[in-house]
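Structural description and commentary
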Amino acid sequence: MSALRRVVHEVRSVEIGVATHYEQHQLVVGRDQVEGLFADPALAAVRAHVAVPGDRVRIIAPLDVVEPRSKGPGGGTFPGWVASVNRKRGGDTHVLRGAAVLAAGHLPRNQEGLIDMSGPAAQLSPFGRTNNVVIEFDRADGASWQEAEVAVRRGLLRLAVHLADAAVDAAPDAIEELAQPHRPGTPTGGLPRVGVITNLQTQGAFKDVFVYGRSMAGSLPTLFDPAEIEDGAVVSGQYGHPALRNPTYLHCNHPVIAELRARDGQDLRFAGVVLCPEPVEQGDKELVSTHAAWLCRAAGFDAAIVTKEGAGNADNDLMLKVDALEADGLTAVALYAEMSGADGTGPPLVAGPRRGAVVSTGNYDQRVKLPAVERALGGTRLGIADAEATSAVEVPTAAILSALSPLGAGRLTCRSEQQLGGVA
Amino acid sequence: MRIVHYVNQFSAGLGGEDAAGIGPRVLEGAVGPGRLLAQLLGDEHQIVATIVCGDDYAASNTAAADELLGLARNAGAELLVTGPAFGSGRYGLACARLVAAADAAGLPALATMHPDNPGIADAGAAPVVAAGATTREMRPTLQRVAAAIAKLATGAALTAADGRVAKAARIGRLVEHRAAHRAVELVLRRLGGDRESTEIPVGGFDAVDPAAPVDKAASAIVALVTEGAVVPIGNPDRLESARATRWLRYQIDGMDTLASGVWESVAGGFATTAANADPNRLLPLDAARTLEREGAIGRLHGEFMVTVGNGTSVAAARRFGIEWAAELRKAGVQAAILTAT
Amino acid sequence: MTIAEQVGALRIVPGRGIPYPSGDPNLPLPAEQAWRRQLVQRALDAVATAVERPTIFEVDVAARADA
């Protein structure tokens, strides 16, 4: 297996222009080129906008978010969508760090969320801090929403590759070597081998995550090359719970993998990654959980961090894995968001593990007051607040994209505080 | 001070579940647990009247709190005390709503129930004094209540020292490190032998007292209920697709099936393609109707209740459960089939 | 352990998937209707049975195979 090098180009500003161009941390996105990349019978039109940190802009109904990445002209990233799954692995991947491309707009089954580029919500979403290229789209007459969704996803991935390609010849700001995980059976220096299990939502149309372009539904858990995750082998087509969503951007920048790498050789050995579906049937949930625990043991993990996507039944998937791991003698920690009501006094978990330990990524129901903004992208109304998209609103944290990131991208947690009487 | 005391049908000695449907009535002086409370209060405060209402009536009727408050005022209440409801959900909900209404209207009031009573959240800003879990703890509970009344009568606010339930609220905070970093820290602590650390307590289970079985389903009234968000197409009553704050009911009398194109699911948490192609996949009306016709079900209740489970807080879901139970009992329903997604 | 057991539901009849608790879109219509009838029938058995703790009432495995 070959190691991967991230060739990092830091993007500090982005604008729409005539032709795509990258120089001196400035990214120009060619308007006509964007249209070409999204050309598809299912789409009547697309419009590219820019939303950068500090802007008084609100992005309504965001869909997927992608970080520009390319392995050089010809792409090589996002295999199964815009690259062959059997291309050469490893090598160099150019990354436009600080930039993101995302789609926004009405899509049935997309649970409406938002991103604010300033104010308190900008602190809560990872995409309130990136320089964003926002794509609005119109579905073509006669096209189904499912066709439009596939066209938008493919267009976003093409755009991500196209933008990163513009930086291939620029001098990088950093080169980051990403070693393969520690091999089982090799000396650990007395350090524990810690890996990660990442559950992917697999519930069919608009509720699916793709591995090499195909749904993981029906699959058993598998050990997976983290270099391939960096290169976009995991792509989101999942539009449930905005705050509990794992966009493609966060899979490529998987926070738990990053933290494990950062500690590798210091106080642990990064043992590897297991990808696992979230089945819809209880017997299958139990099967994949038992199998995942077995796989971790067979791969020599001493401990695993378990992540999910979604809520409700996804919590059951987490619980079953933590319990299976701990019953097998492995140490397990899961990342959960809490659902303790607007005042925080309700029970935090519907289905928590019986053993192990849990990290809290914040309270789904906690209200956040958002100030009015100057302009909105993706829509003119904010349905959840029944208000003009630009007006001052109060929303649950649940509505802010990836604010409760199940992959651990956020800095929210909850602490128990005693208080008297009503706080509602 | 003139005190009016609220109790349920059981505490007042009017009957058990058979009397849970009775409407509000006013009794003179102290009744049931009020007698012991009156003793403990001494001469300074008098229980001038006791208001009684059946649990089902009080919990299923959102206007009941205002009705009961009106009766308390007519009885000359200067202070209102409700309970102890101990762990009883419907009773707790009634007590909580009544003190919330009194508090909002400026009448000093306190409720007493176990801190885990699912109705407690409805007390809002009104004080709740902790009761034990069961009636076995009546005396110590009423001792706390009597002391709390004496303090409240002076105009002072109750605190945790008075037995006021201090809600442990879990408040969201931004902290220095992201969750992924904290997860690695937590794993390393656990590997180092610390088996206690966790950001959310683990291992909690809900325990529910089982209801007695029905004698024969063939002679029972059976209801269908669901959290699958099945509504008439177009969602005319605007049921939420996530984070429900309410529930709805729809008539199914005379209906043999939930037809596609007539009913739909607005649930946001799962793919609804299959359910919308045949809504009986979410609420099994066609099969239940057949079984009713064949005599396996005595009678199918004439309406179903529906909410959405997707992202709904446990506290809200518990309240819906209490209200559904009260509604169904009031209608004479003996069993319910809840389809859950 | 299922969510239903964990939240303390006392009488539980397992369905075949979250999006269709009382159906199975993978079956032809008559077979699905038979399956739904079995689920409801099993629920009726459950409400007529005394339980002390969360109890699962599977539709008979043989019946499932036939469905």
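Concerning the sheet that holds strand β8 (residues 69–70) of chain A
Residue and element names in this part refer to chain A.
- Sheet architecture is open: four strands sit in the order β8-β9-β1-β13, paired in mixed fashion. Each edge of the open sheet carries a strand with a single partner, namely β8 and β13 (174–178).
- Across two bridges, β8 lies against strand β9 (residues 91–97) in antiparallel orientation. Along β9, the bridge assignment pairs S70 with H94.

Details of the sheet that holds strand β1 (residues 2–8) of chain B
Residues and elements named next belong to chain B.
- Taken together, six strands build an open sheet; the order of strands is β2-β3-β1-β4-β5-β6 and the sheet is mixed. With partners counted over all chains shown, the strands left at the sheet margins are β2 (25–28) and β6 (128–130), one partner each. Across the sheet, the mean angle separating the axes of adjacent strands is 25° when strand polarity is ignored.
- Pairing geometry for strand β5 (residues 109–113) and β6, over three bridges, is parallel. Paired with M113 across the two strands is A130, which belongs to β6.

Let's talk about the interface of chain B and chain A
- Every contact between the two is made by 52 residues of chain B and, on the other side, 77 residues of chain A.
- Elements that contribute at least two residues to the side of chain B that touches chain A include exactly β7 (166–174), α6 (179–191) and α9 (314–330) of chain B.
- When residues of the side of chain B that touches chain A are assigned to their parent elements, the largest contribution, eleven residues, is made by α6(B).
- By residue class, the composition of the side of chain B that touches chain A is 27 nonpolar, 16 polar and nine charged.

Overview of the packing of helix α3 (residues 64–74) of chain B against helix α4 (residues 89–104) of chain B
All names here are of chain B.
- Look at α3 against α4: their axes get within 9 Å of each other, and the N-to-C directions meet at 65°. Crossing geometry of α3 relative to α4 is assigned as right-handed. For the pair α3 and α4, contact is made by A64, A65, D66, L68 and L69 and by A94, R97, L98, A101 and A102, respectively.
- Within the contact of α3 with α4, the residues separate by chemical class into eight nonpolar, no polar and two charged.

So, unusual backbone geometry
- The omega angle of the peptide bond from B:G83 to B:P84 is 10°, so this bond is cis rather than trans.
- Mapped onto the fold, B:P84 is located in the loop between β4 (79–82) and α4.
- With a phi angle near 55°, A:Y212 is a residue other than glycine that sits in the positive phi range.
- Within the fold, A:Y212 resides in the loop between β15 (207–211) and β16 (214–215).
- Note on A:Y212: 18 C-beta atoms within 10 Å, which makes it partly exposed.
- The backbone of A:S402 sits at a positive phi, close to 60°, despite the residue not being glycine.
- If you trace the backbone, A:S402 turns up in the loop between β27 (393–396) and β28 (412–420).

Criteria and cut-off values
Residues numbered from 1 in each chain as written. Chains lettered and ligands numbered in written order. Predicted model: local features only at pLDDT ≥ 70, side-chain atom pairs only at ≥ 80, totals over all residues. Pairing = 2+ DSSP bridges. Helix = DSSP H or I, 4+ residues; strand = E, 2+ residues; numbered from the N terminus. Axes fitted to C-alpha atoms, helices over the stretch in contact; angles between N-to-C directions. Contact = placed C-beta atoms within 7 Å. Nonpolar A, V, L, I, M, F, W, Y, C, P; charged D, E, K, R; others polar. Left-handed = near helix turned anticlockwise from the far one by under 90°. Buried ≥ 20, exposed ≤ 12 C-beta atoms within 10 Å, placed from the backbone.

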